[in-house]
Amino acid sequence: METLQFLMEGFAVALTPTNLMLALCGAFLGTLIGALPGLGPANGVAILIPLAFTLGLPPESAMILLTSVYAGAMYGGRISSILLNIPGDEPAMMTCLDGYPMAKNGKAAEALAVSAIASFIGGLIGTLGLILLAPVLARFALTFGPAEYFALFVLAFATLGGITGKNPMKTVVAATLGIMISTVGIDISTGTQRYTFGVLELYEGIDFILAIVGLFAISELLLFIEERAGKGRALIQVGKLKLSMKDIYSILPTTFRGGILGFVAGVLPGAGASLGSFISYTLEKKVLGKKGRFGEGDMRGVAAPEAGNNGASSGALVPMLTLGVPGSGTTAVLLAMLISLNITPGPLMFTQNADIVWGVIAALLIGNLLLLVLNIPMIGVFVKVLSVPPMYLLPMVTMIAFVGIYSISHSTFDLYFMVAFGVAGYILRKLEMPLVPIILGMLLGPEMEKNLGHAMIISDGDWGILWGTPLAVGLWLVAGLGLILPYLIGPILRHRMRNAIKEDAVSD
Amino acid sequence: MKFKQSLSLLAAAAFSVSAMAWEPSGRVECIAPADPGGGWDFTCRSVGNVLEELGMVTGSVQTTNMAGAGGGVAFAHTISKRNSDDKLLVAASTATTTRLAQQQFPGMNAGMVKWVGALGADYGIIAVSQDSDYENLNDLMDAVKADPRSVKFAGGSANGGWDHLKVLIAAKAAGAGSLPSIPYLSYNNGGEAMTQVIGGHVDAFTGDISEATGFIDSGDLRVLAVLAEDRLPGKFSEIPTAREQGIDALGPNWRGFYMPADADDEAKEYWVNAIDELYASDEWKAVMTRNGLIPFHPPADEFEAFVTQQVADIETLSREIGLLR
């Protein structure tokens, strides 16, 4: 009941005209970003962070804007999957399998509508899960001492590659890079400066917002300049929508299963939305067996992964809000934003920043509704945007990035630094180095170091404290599994995913 | 010729009038050496508002945020680029003096700027969890004296920062030896440190009273002592001071300003008096109660000496714990 009261207060925050406008803008921009192939949700949120600073938004409004973008990107990813057979982002990969065949059969409008409804239900289930689970986990977080936190961060790093990650070595290198960057600045446990070389601007360390915007947004621009992909894509015809209530009923069981599975996958650190959509699709295929025509344009094959990835996107917020450990790449970017707004995620946030937490959760519920409305009647707009040449979009992105970063600190040094990160991001992307682990390294590295130091001070140097409680031992076990499992299951899963896509290509 | 002469006379007259009572004309700038939202930002913005309300400035007071190096970027900027600016104030606090004392602004010291005045403070506290065995500050300090490693402190500043120093100030006043071996765990902010103390992972919390208000109200945190000269006003009057427990420890985290050292003498005098006048105003008192600031205002002519003394004290302490060599 207490939760319900908080939720009502959250609605009071989210329903103010400004915040409602921001949620709408965020949902719209997010769908757009999700729809554009190549620009994933992590990039999308990263690109819009400077916008929040440019507008000088208060913390709750900034977070509402960004979480709406996040939810929107999850919706948007499906559009290009269905229409172009190119996933707009990684989690939308599985939507290609049945979405594109549907579009080829002249049922593009139906595929888009079904996937929007599935996304809505998945998102709703995920958000409800978040509402129920987060406060419980937040109270539980009080039992986390330095040793438990250290084990938790090890777990986060261990599961970083994720089950769907491609090259574990590159993930390790990227995370190490992130941790190395995070060591610049004052070392809070000794009070000494590290790697600052007497440059005053480095004394407080390297701002991760600056790194994120540089790595994601600026490198995107550089890649664009290189490719000169000035032309838009050919417009796809979307026919008139013919969807009966019976069709909607037929996808409901699939959608509920997908949403719940997706939520569970999202809560696990490191797994994220891609896993959510993958397991919902494969499970549905198993459950329905011969009754389904998966891969040939089955509606349920569109509904399952969409419900899964939207459920997962809310699930991934649970560990981020309660423990400060992001459940996915995009939540890592959101975490960076929270920290730079001077808000510490964790149990305290639910009491001291209740307006922000519950405002964001309420905004997720409202955002889902807005997105459903946006995505059924207005789908034509997004389809048109897919054919807008990026030469008009990217300069805007660049401008927002520069203005936003400058408005944080009023320092030209930061602008140069952001450009340097952009160039580095460009080189890393050329080397096919994943960027999200860098951000995670920057965020979690100092925390891990700090908690190890604290555990040592408390135990007077006895390493045994690190596995001294059942909770810590449990976390170590999960971390161990997270490290080993990808080597056992990963190849099988990836093989299956690839096969599923190949089969689809053959059936063309 | 005559016309020109009278013009210059007029100019001289105007000059002498302004020399009698310098007043800022046009825009006044206040640098907050941190991102928006923190204490320094608050100091600049609220003082700016009250100055405008009281009509003490003709133009507006504009707050500029200049983050970096815990105030070091703004300090360097003031000295190197704005050293004779008459209309520049920079927000400062105990964090500034701590960094100056520990030579964390390379090549710079407290004497390179003019210290204008303080307008209130937040006082240090030492607190434990509600179910802790320590009932008062003497219990806690006796334990520290018996075995310096037996009590673990958590705070929101870096090692050697203000929260850490408050523990050392209290321990030193209580007569504890081997200050460097008192364990201090630094967290990103006071809130994080308090959760660890309440969760039973660390023994005691060191911080400022304003950040602990929530947990004091909820009953999770028991404040053993406030490091102030007298008991604090209002709802904090229940909390005993360290002094009344026989431990002479003071830890005010003051909020105030410095300005460029080469600014016009009249301008400096104007600002010192302006801060005095502002501090006495009802408008400022309202700001203080609204934001939990506690009265703290050394007389105008003593503030410079107060800052010098604080820097010297912190320097000595930092040497004792081996942070400075």
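Scoring rules and cut-offs
Residues numbered from 1 in each chain as written. Chains lettered and ligands numbered in written order. Predicted model: local features only at pLDDT ≥ 70, side-chain atom pairs only at ≥ 80, totals over all residues. Helix = DSSP H or I, 4+ residues; strand = E, 2+ residues; numbered from the N terminus. Rg over C-alpha atoms; globule rule 2.2 N^0.38 Å. Buried ≥ 20, exposed ≤ 12 C-beta atoms within 10 Å, placed from the backbone. Contact = placed C-beta atoms within 7 Å. Domains from an automatic or database assignment. Nonpolar A, V, L, I, M, F, W, Y, C, P; charged D, E, K, R; others polar. Axes fitted to C-alpha atoms, helices over the stretch in contact; angles between N-to-C directions. Left-handed = near helix turned anticlockwise from the far one by under 90°. Pairing = 2+ DSSP bridges. Core = buried A, V, L, I, M, F, W, Y, C linked by C-beta atoms within 7 Å. Parallel < 35°, antiparallel > 145°, perpendicular 65-115°, else oblique. Expected span 1.5 Å × (residues − 1). Arc of directions from axis to C-beta. pLDDT = per-residue confidence, 0-100.

**Looking at the overall build of chain B**
- Looking only at helices and strands, one finds 11 helices and nine strands in chain B.
- Its C-alpha atoms give chain B a radius of gyration of 22 Å, within 12% of the compact-globule value 20 Å for 325 residues.
- Viewed in the frame of its principal axes, chain B has a C-alpha envelope of about 90 × 40 × 30 Å.
- Taking all 325 residues of chain B together, the buried fraction comes to 48%.

**Considering the overall build of chain A**
- Looking only at helices and strands, chain A features 21 helices and two strands.
- Burial statistics for chain A: of 508 residues in total, 57% are counted as buried.
- Intrachain contacts of chain A at a sequence separation of at least 6 include 80% that bridge at least 24 residues.

**Observations concerning the domain arrangement of chain B**
Residues and elements named next belong to chain B.
- The domains assigned to chain B are domain 1 (26–121 + 254–320) and domain 2 (122–245).
- Once you take the C-alpha centre of each, domain 1 and domain 2 turn out to be 27 Å apart.
- With 12 residues of domain 1 at the contact, the number on the domain 2 side is 12 residues.
- Looking at the side of domain 1 that touches domain 2, the elements that each hand over two or more residues are helix H4 (94–101) and helix H11 (303–320).
- No other element matches the four residues that H11 contributes to the side of domain 1 that touches domain 2.
- Considered class by class, the residues forming the side of domain 1 that touches domain 2 number six nonpolar, five polar and one charged.

**Side note on the interface of chain B and chain A**
- The interface is formed by 33 residues belonging to chain B together with 27 residues belonging to chain A.
- Contributions of two or more residues to the side of chain B that touches chain A are made by strand E2 (61–65), helix H3 (72–81), strand E6 (184–186) and helix H7 (190–198) of chain B.
- With five residues, the single largest contributor to the side of chain B that touches chain A is H7(B).
- Here the residues of the side of chain B that touches chain A sort into 11 nonpolar, 18 polar and four charged.

**Considerations on the packing of helix H8 (residues 208–227) of chain A against helix H13 (residues 329–340) of chain A**
Residues and elements named next belong to chain A.
- Running from N to C, H8 and H13 point in directions that differ by 145°, and their axes come no closer than 9 Å. Relative to H13, the crossing made by H8 is left-handed. Taken together, the residues of H13 that come into contact with H8 (itself represented by Phe208, Ile209 and Ile212) are Val333, Ala336 and Ser340.
- Residues of the contact of H8 with H13, tallied by class, amount to five nonpolar, one polar and no charged.

**Focus: the pairing of strand E3 (residues 88–93) of chain B**
Residue and element names in this part refer to chain B.
- Taking burial as the measure, the six residues of E3 include six buried ones, the bulk of the element.
- Side chains Leu88, Val90 and Ala92 of E3 all project onto a buried face; the interleaved residues Leu89, Ala91 and Ser93 project onto the opposite face, where all are buried too.
- Here three bridges tie strand E1 (residues 28–32) to E3, and the two strands are oriented parallel to one another. When the sheet's bridge partners are listed, Ile31 is paired in E3 with Val90.
- Pairing of E3 with strand E9 (residues 252–260), which is carried by four bridges, proceeds in the antiparallel orientation. Pairing of Ala91 across the sheet is with Phe257, part of E9.

**Thoughts on the nonpolar core**
- Core analysis: the largest hydrophobic core is formed by 266 residues, its most contacted members being A:Ile49, A:Leu66, A:Ile212, A:Val213 and A:Ile439.
- Element by element, the count of residues in this core is highest for helix H5 (residues 93–140) of chain A, at 24 residues.
- Shared between two domains, this core holds at least three residues of each, these being domain 1 (26–121 + 254–320) and domain 2 (122–245) of chain B.

**Concerning the environment of A:Pro101**
- With respect to the secondary-structure elements, A:Pro101 resides in helix H5.
- Distance from A:Pro101 to A:Gly295, taken between C-alpha atoms, is 7.3 Å for residues 194 residues apart in sequence.

**As for the environment of B:Val287**
Residues and elements named next belong to chain B.
- With respect to the element layout, Val287 can be found in helix H10 (residues 282–291).
- For Val287, a count of 20 C-beta atoms within 10 Å translates into the label buried.
- Between the C-alpha atom of Val287 and that of Glu320, which follows or precedes it by 33 residues, the distance is 38 Å.
- When neighbours within four sequence positions are excluded, Val287 is seen to be in contact with Ser46 and Val50.

**Topic: unusual backbone geometry**
- Not every positive phi belongs to a glycine, and A:Tyr195 is a case in point at roughly 50°.
- Inspection of the secondary structure assignment puts A:Tyr195 in the loop between strand E2 (192–194) and H8.
- Non-glycine residue B:Ser178 carries a positive phi angle of around 35°.
- Under the C-beta neighbour-count criterion, B:Ser178 is labelled partly exposed, with 14 such atoms within 10 Å.

**Observations concerning the packing of H5(A) against helix H15 (residues 354–375) of chain A**
Residues and elements named next belong to chain A.
- For the pair H5 and H15, the least separation of the axes is 9 Å and the interaxial angle reads 175°. Between H5 and H15, the angle is such that the two are roughly antiparallel. Packed against H5, whose contacting residues are Ala116, Phe120, Gly123, Leu124, Thr127, Leu130 and Ile131, the element H15 presents Ile361, Leu364, Leu365, Asn368, Leu371, Leu372 and Asn375 at the interface.
- Counted by class, the contact of H5 with H15 contains 10 nonpolar, four polar and no charged residues.

**Looking at helix H9 (residues 265–280) of chain B**
Residues and elements named next belong to chain B.
- The end-to-end C-alpha distance of H9, which contains 16 residues, comes to 23 Å, matching closely the 22 Å that a straight helix rising 1.5 Å per residue would cover.
- Of the residues making up H9, those classed as buried are Ala267, Trp271, Val272, Ala274, Ile275 and Tyr279. Viewed along the axis of H9, the buried residues span an arc of 160°, placing them on a single side of the element. Among the exposed residues of H9, those pointing more than 90 degrees away from its buried face are Asp265 and Ala280.
- Summarising the contacts, the buried residues of H9 are in contact with E3, strand E4 (113–129), E9 and H10.

**Observations concerning the confidence of the model for chain A**
Residue and element names in this part refer to chain A.
- Model confidence for chain A is summarised by a mean pLDDT of 81, while 89% of its residues fall at 70 or above.
- The lowest-confidence element of chain A is helix H21 (residues 490–507), averaging 60 in pLDDT; the highest-confidence one is helix H18 (residues 412–430), averaging 91.
- Per-residue pLDDT stays below 50 along residues 504–508; that stretch engages in four contacts with residues further than four places along the chain or on separate chains.

**Structural notes on the confidence of the model for chain B**
Residue and element names in this part refer to chain B.
- Per-residue pLDDT for chain B has a mean of 86; in total, 93% of the residues score no lower than 70.
- Segment residues 9–19 is flagged for pLDDT under 50; beyond a separation of four residues in sequence, or across chains, it makes one contact in the model.
- What the predictor reports for the complex is a pTM of 0.78 with an ipTM of 0.74.

**Thoughts on the environment of A:Ser411**
- One can find A:Ser411 in the loop between helix H17 (390–409) and H18.
- On the neighbour-count criterion, A:Ser411 (19 C-beta atoms within 10 Å) is partly exposed.
- Sequence-wise, A:Ser411 and A:Glu201 are 210 residues apart; in three dimensions their C-alpha atoms are separated by 9.2 Å.
- A:Ser411 has contacts with A:Glu201 and B:Gly68, leaving out every residue within four places of it along the chain.

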